[in-house]
Every structure is written in structure tokens, then in C-alpha cells.
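For reference, the chains in residue letters:
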Amino acid sequence: TAEMEVLQKLMDFGDRGRYIGLNAIANQLRFPSSHTHYFSCVMLYLFSEAKDEGVREQVTRVLLERLIVHRPHPWGLLVTFIELIKNQRYQFWSHPFTRCATEIEKVFENVARSCLTPGSQKASVVGEA
């Protein structure tokens, strides 16, 4: 669609512009609604269709920056990150940035573990339709 073409063009910006655009999208990952679902799908689509590994890394960074702070986390943020790490379509754990340093790998594992608590696993998965 034309909307997705515009959002994909944002990924052609430099690192700073792309980071600002991804943060604007992440700001929309809030409570359960069609609006949140749309932007969750946008974030996951941008991750999966990225031509550049740097885009995937920045998508992950934007989500992770919001998850390492104290709870509560917005529902849409949690669902998007859980979908990203659990759905094999995205092959999240196979990307080199998840293992670039031991400390980073531990941060990813800790955040993933805290997001995948028994209560949050019951959350509906976004993007499966």
C-alpha cells in the first residue's frame, strides 16, 4: 500500500532519521486496539522486510530501550517484542547483532525471559491473521 511505501522509505534515511521514525512508530504501541495492532504489524514488517541488517538492529534497539526500564510496559510493546522473538518467521536469534558481545546476549536473554513470563504468554499474538 502507499502507506507502507512511505514507512519503508523512512528506512532509507540515515541512522538518526530512521531512529526517530522508528521511535514514532514505537510510541503507537500502547493498549489493545486496531491502531496498536496496525503499528505492531508495521514494526514487524519493517524488521522482516529490511534490506539492511542495520534496520533490524535499530528496530530491536527501539523496542529494547523501552523494555529495559521499569514496568509497567505498554501492552502493544510487549506483544510486538514477544512476536519478534518467538515467531520463526523473523529468525530473531539468528541475527548477528543478538550475539555481538556476551553482555548484549545476556541483556537479550534477560529481557526475553522477563517478557515471556507465564502471564504474558497468554497475550494474543499480533500479526497472525
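Placed above this text is the structure.
The sections below set out a description of the structure shown in this document. Positions within a chain are numbered from 1, following the residues in the order the chain's sequence is written. Where local features are concerned, this predicted model is filtered to residues with pLDDT of at least 70; where side-chain atom pairs are given and counted, the filter is 80 or more; whole-chain, interface and lining totals use all residues. Here the side-chain values reflect all heavy atoms present in the structure, with hydrogen atoms and water set aside.

1. A few points about helix α3 (residues 34-49)
Phase 1 of the analysis: The secondary structure listing takes helices from DSSP runs of H or I that are at least 4 residues long and strands from runs of E that are at least 2 residues long, numbered from the N terminus. One less than the number of residues in a helix, times 1.5 Å, gives the span that helix is expected to have. Over its 16 residues, α3 extends 22 Å from the first C-alpha to the last, a length consistent with the 22 Å expected when each residue adds 1.5 Å.
Phase 2 of the analysis: Those residues of α3 lying buried are T36, F39, S40, V42, M43, L44, L46 and F47.
Phase 3 of the analysis: Residues of α3 that are buried make contact with α1 (2-10), α2 (15-26), α4 (53-67) and α5 (75-86). To sort residues, take the accessible area from a 1.4 Å probe on protein chains only and compare it with the maximum for the residue type: under 20% means buried, over 50% means exposed, and anything in between is partly exposed. When checking whether two residues touch, look at their non-hydrogen atoms; a contact exists if any pair is within 4.5 Å.

2. What to know about the pattern of salt bridges
Phase 1 of the analysis: Basic side-chain nitrogens of Lys or Arg form a salt bridge, by our definition, when they fall within 4 Å of a carboxyl oxygen of Asp or Glu. Counted under the stated rule, the structure contains four salt bridges.
Phase 2 of the analysis: Two residues, D12 and K9, come together in a salt bridge whose shortest N-O distance is 3.9 Å. Both residues of the pair, D12 and K9, count as exposed.
Phase 3 of the analysis: Taking the shortest distance from any N to any O, the salt bridge between D15 and R18 comes out at 2.6 Å. In this pair, D15 and R18 are both assigned in helix α2, three residues apart and thus about one turn of the helix distant.

3. Side note on the packing of α4 against helix α6 (residues 102-115)
Phase 1 of the analysis: As a rule, the C-alpha atoms of each element are fitted with a line to give its axis, helices using only the stretch in contact, and angles between N-to-C directions run from 0 to 180 degrees. α6 packs onto α4 with a crossing angle of 65° between their chain directions and a minimal axis gap of 11 Å. The element α4 and its partner α6 pack so that their crossing is left-handed. Between α4 and α6, the contacting residues are T60, L64 and L67 on the first element and V107, F108, V111 and C115 on the second.
Phase 2 of the analysis: Basically, the charged four are Asp, Glu, Lys and Arg, the nonpolar ten are Ala, Val, Leu, Ile, Met, Phe, Trp, Tyr, Cys and Pro, and anything else, Gly included, counts as polar. Its residues assigned to classes, the contact of α4 with α6 comprises six nonpolar, one polar and no charged. The hand of a helix crossing depends on one turn: near helix anticlockwise from the far one by less than a right angle means left-handed, and clockwise means right-handed.

4. Side note on the nonpolar core
Phase 1 of the analysis: Core analysis: the biggest nonpolar cluster contains 32 residues, and M43, L63 and F81 have the highest contact counts within it.
Phase 2 of the analysis: At the level of secondary structure, the elements contributing two or more residues to this core comprise α1, α2, α3, α4, α5 and α6.
Phase 3 of the analysis: Excluding its chain neighbours within four sequence positions, the residues that come into contact with L63 are L29, M43, L77, T80, F81 and L84. Buried residues of nine kinds, namely Ala, Val, Leu, Ile, Met, Phe, Trp, Tyr and Cys, make up a nonpolar core once their side-chain atoms join them within 4.5 Å.

That's the geometry; what it means functionally is another story.
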